[in-house]
Amino acid sequence: MLAFGQIFSRALRALALLGTVALPALAPGAAQAQQAPANTLDAIRARGALVCGVNTGLAGFAQPDSQGVWRGFDIDYCRSVAAAIFGDASKVRYVPTTAQSRFTALQSGEVDVLFRNTTWTLSRDTSLGLDFPAVNFYDGQGFMVKKSAGVNSALELNGATICVQPGTTTEQNLTDWARANNIRFTPVVIERLEEVVAAYVAGRCDAYTTDASGLAATRSAQPTPADHVILPEVISKEPLGPAVRQGDARFADIVRWSHFAMLVAEELNITAANAAQALASDQRPEALRLLGKTGDLGKMLGLDNAWALNIIKAVGNYGEVFARHLTPIGLQRARSPNAMYTQGGLQYAPPFR
Amino acid sequence: MSTTAIANPIPTPARPAPITLVGPIGWMRANLFAGWVSSLVSLLLLFLIVKWALGFIEWGVINAVWSVPNNQTQACRDLRGTGACWAVITEKHRFILFGTYPYEEQWRAFAAILIFIALFIVSALRRFWRKELLLVWVAALGSIGVLMWGGVLGLAYVPQERWGGLVITLILATFGLAFAFPLAILVALGRRSRLPAIKALCVIYVELIRGVPLISLLFMASVMFPLFLPEGMNIDKLLRAQIAIILFAGAYLAEVVRGGLQALSRGQYEAADALGLSYWKKTGFIVLPQALRLVIPPLVNTFIGFFKDTSLVLIIGIFDLLTAGKTAIIEPAWQGFGIEVYLTVGFIYFCFCFAMSRYSQNLEAELNRHRVR
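Residues numbered from 1 in each chain as written. Chains lettered and ligands numbered in written order. Predicted model: local features only at pLDDT ≥ 70, side-chain atom pairs only at ≥ 80, totals over all residues. Heavy atoms only, no water.

## Observations concerning the pairing of strand S9 (residues 161–164) of chain A
Residue and element names in this part refer to chain A. Relative to strand S10 (residues 186–189), S9 runs parallel, the two sharing four bridges. Looking across to S10, one finds that Val164 is bridged to Val189. Note: S9 against strand S11 (residues 207–211), two bridges, orientation parallel. Note on S11: the bridge partner recorded for Ile162 is Ala207. (Pairing = 2+ DSSP bridges. Helix = DSSP H or I, 4+ residues; strand = E, 2+ residues; numbered from the N terminus.)

Given below as structure tokens:
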């Protein structure tokens, strides 16, 4: 009875609260007493865990393994923020969110931060009341064709049948791109990933389009990946990154600089393996500041000075996280926007000083 | 007596009917091979059934791969569809059954499933139908809560968002129906009430809920409802979905129960009134026992429907049995083995639904025995 009693006492509390919201004149004190702290960092510290909204399952980014443990690129980012705040990357609670429920979960405070391959767009940044502190993965919509088709460019797809999933912006991007390039195509719209891939493999369509990350994962899951080619054209910009609630700049800073710390660590060649050694012997000024030996960068963020060291020890630098989760699903980092700016990519961190 | 017996010749035992008219052969002659058209159709269907059965055995047993080392699914992929890759079940069965529940603690979720099944069996047996059964339910559901949440008796605390798999399906279905059924009876009675306010309230409730799809209710519960709460105040996602399911099931069951109430002849109500019974006594002793007995088939129909409808919670990110199965095949190594996973998940659903269906048939026969003369 204990458990159910809990449920019911929570339900009753909720009803009581609803009442206080609806009738503030009758119970002004109660409504004020229940105000949550506006400061996300304090709320996280009080709770003892970061609540991270993640995808319900996306290869490479967020998926539970056979033992039910969450793994992936986004998951490591959740862990990095927890490491920065608590010095312990395991203090994270993962809340799976669907495409529809993710923003409500964030707005209502059910999660502190979304690491859920969410594209940064103007409308989301403004009208949804969100902030996008960083871009941790540059994605974009592409095409995959069978090698035997002999197609080398998406512009050769005129008259082709193209498999696409409905609902998201994928279908819209495809139509926009085709109109802009005067290409005529027949869409085959199939809802489920498994089925749309099967249709493409069975030859019901000449090409399959989705985000490049999804294409790579699908290609690597084929019996012979070399039979399939991902065409060079990318027809949309999908900068994926974390989202936080607008109005808490301090917490947004922590999320933003956790990402930058991983980038700077890669620049300085500090990895999870050599972090302890770097702490002892590295004399480069920026490394000293990053690892918290000099300066008060951590204090300025409201964190411990070892925050970045904790991140690096827990998940490694950006390159390591990428190699651990995204390289296995067939994503290339070299010559992609996700390479470091020194290699011609877009991943660039402001200086740590 | 004895003299007549001697006078009569010893009766010869009746000869058995010709073997072509009775037994399996006779049945087949009568039903499968009655004429040349019927024989032709029977042979054709027999051929197809055998062919498909052999094909399934070849795919599912003979050519199947039962396990692979270290997620190396090349052995499965080399089959190219000629055999089942049951290795995906071998590898992922614990995830499908228990979701993201902590691996070392999954025995607790397993124990909860066993308690659920035991609870169903005990409740199904008529000899246990007495007031104590209510206590058994309270104890069972309480111990399931303790097992799943933990935090007491040395069990580690497991937050709700880590629950998943079959347990979620059973929790949603069991709690959903256990609360929806009493609600439905009250609403059905209310809809036939002579008090206009109560009647209007019940009609509005039923029509509103029946007028929208379950998905939109779940969306309301998961997407809209939290926005009305003050910031920082959250009601458990599972509880919100559970309440939506209870309300939805309640409206449908209420209409089923109302059907039973209306099928009862007016004389029964009047006879109870004539005996001077109060409203609740009339309802409890005369009306409901007869009305509910009449509506067993549609009730169970609704139960079975709702057991499967719980899988709709996937759209709000809760890992029920079906969602866990779908999530299991997202990992690139295991992509493409959906058939095996869906067959397994389907089999689990079938076991529960078929058991419900068979049980209701028996119950119906037993409770309506007085009608069979």
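## What to know about the interface of chain B and chain A
Contacts between the two partners involve 55 residues from chain B, matched on the other side by 49 residues from chain A. Carbon and sulfur atoms supply 62% of the area that chain B and chain A bury against each other, a total of about 4300 Å² over both sides. Counting across the chain B and chain A interface gives two salt bridges. We note a salt bridge from Arg93 of chain A to Glu161 of chain B, for which the minimum N-O separation is 2.6 Å. Here chain B and chain A share five residue pairs in polar contact (both at pLDDT 80 or more) between them. Among the elements of the structure, helix H4 (74–79), helix H5 (87–98), helix H7 (132–149), helix H8 (166–191), helix H10 (214–228), helix H11 (237–263), helix H15 (321–328) and helix H16 (338–367) of chain B are those that each provide at least two residues to the side of chain B that touches chain A. The element contributing the most residues to the side of chain B that touches chain A is H10 of chain B, with seven residues. (Contact = heavy atoms within 4.5 Å. Buried area = accessible area lost by both parts, 1.4 Å probe. Salt bridge = Lys/Arg side-chain N within 4 Å of Asp/Glu carboxyl O. Polar contact = N/O pair within 3.5 Å; in protein donor to acceptor, adjacent residues only side chain to side chain.)

## A few points about the sheet that holds S11 of chain A
Backbone-to-backbone hydrogen bonds pair the strands of a sheet. The strands run either parallel or antiparallel. All names here are of chain A. Reading across the sheet, the five strands line up as S10-S9-S11-S8-S12 and stay open at both edges, with mixed pairing between neighbours. Looking along the sheet, the strands with just one partner apiece sit at the ends: S10 and strand S12 (228–230). The mean angle between the axes of side-by-side strands here comes to 30°, regardless of whether they run parallel or antiparallel. Taken strand by strand, helix H7 (residues 169–180) contacts strand S8 (141–146), S9, S10 and S11, and its axis lies near 80° from that of S8. Along the sheet, helix H8 (residues 193–201) makes contact with S8, S9, S11 and S12, crossing S11 at roughly 145°. (Axes fitted to C-alpha atoms, helices over the stretch in contact; angles between N-to-C directions.)

## A few points about the nonpolar core
Judged by nonpolar contacts, the single largest core of 150 residues is most densely connected at Phe73, Ile270, Leu290 and Trp307 of chain A together with Trp163 and Leu218 of chain B. Residues in contact with Phe73 of chain A, not counting those within four places in the same chain, are Gly60, Phe61, Asn136, Phe137, Tyr318, Val321, Phe322, His325 and Leu326 of chain A. Counting 16 residues, the second-largest nonpolar core is a separate cluster that includes Val145, Leu157, Ala160 and Val164 of chain A. (Core = buried A, V, L, I, M, F, W, Y, C linked by side-chain atoms within 4.5 Å. Buried < 20%, exposed > 50% of the residue type's maximum accessible area, 1.4 Å probe, protein only.)

## Observations regarding the confidence of the model for chain B
Residue and element names in this part refer to chain B. Residue-level pLDDT values for chain B average 84, and 96% of them are 70 or greater. Looking over chain B, one finds the lowest element-wise mean pLDDT in helix H1 (residues 2–7), namely 55, and the highest in helix H9 (residues 196–210), namely 91. Model confidence for the complex: the whole-complex pTM is 0.80, and ipTM, which rates the interface, is 0.77. (pLDDT = per-residue confidence, 0-100.)

## Re helix H13 (residues 279–294) of chain B
Residues and elements named next belong to chain B. Its axis deflected by about 45° at Val287, H13 carries its strongest bend there, up to four residues before the proline Pro289. For H13, the full list of buried residues reads Lys282, Thr283, Val287, Leu288 and Ala291. Buried positions along H13 lie against H8, H11 and helix H12 (266–274). (Bend = angle between axes of the 7 residues up to and from the residue.)

## Observations concerning the side chain of Asp139 of chain A
Residues and elements named next belong to chain A. In this structure, Asp139 sits in strand S7 (residues 137–139). A polar contact is formed between the side chain of Asp139 and the side chain of Ser213, at a distance of 2.5 Å. Not counting residues within four places of it along the chain, the set of residues in contact with Asp139 comprises Asp211, Ala212, Ser213, Ser236, Lys237, Glu238, Pro239 and Leu240.

## Description of the packing of helix H10 (residues 249–267) of chain A against helix H14 (residues 307–315) of chain A
Residues and elements named next belong to chain A. One can describe the packing of H10 onto H14 by two numbers: an axis separation of 10 Å at closest approach and a directional angle of 70°. The angle between H10 and H14 places the two elements in the roughly perpendicular class. The hand of the H10/H14 crossing is right-handed. Residues Trp257, Ser258, Ala261, Met262 and Ala265 of H10 pack against Trp307, Ala308, Ile311, Ile312 and Val315 of H14. The class makeup of the residues in the contact of H10 with H14 is nine nonpolar, one polar and no charged. (Parallel < 35°, antiparallel > 145°, perpendicular 65-115°, else oblique. Left-handed = near helix turned anticlockwise from the far one by under 90°. Nonpolar A, V, L, I, M, F, W, Y, C, P; charged D, E, K, R; others polar.)

## A short note on the pattern of salt bridges
Residues and elements named next belong to chain A. A complete count under the given rule lists 18 salt bridges over all chains for this structure. In this structure, Arg71 engages Asp65 in a salt bridge whose closest nitrogen and oxygen atoms are separated by 2.9 Å. Judged by relative accessible area, which is 15%, Asp65 ranks as buried.

## As for the state of the cysteines
Residues and elements named next belong to chain A. Under the defined criterion, the tally for this structure stands at two disulfides over all chains. Shown here is the disulfide that connects Cys52 with Cys78, its sulfur atoms set 1.9 Å apart. For the disulfide bridge between Cys52 and Cys78, the dihedral angle about the S-S bond is near -70°, and by the sign convention the bridge is left-handed. Of the two residues, Cys52 sits in strand S1 (residues 50–55) while Cys78 sits in helix H4 (residues 73–86), which places them 26 residues apart along the sequence. (Disulfide = S-S within 2.5 Å.)

## Things to note about the confidence of the model for chain A
Residues and elements named next belong to chain A. Residues of chain A with pLDDT of at least 70 account for 89%, and the chain-wide mean is 84. Ranking the helices and strands of chain A by mean pLDDT puts H4 first, with 94, and helix H2 (residues 28–33) last, with 34. Between residues 1–37, whose pLDDT stays under 50, and residues either more than four places distant or in other chains, the model counts 33 contacts.

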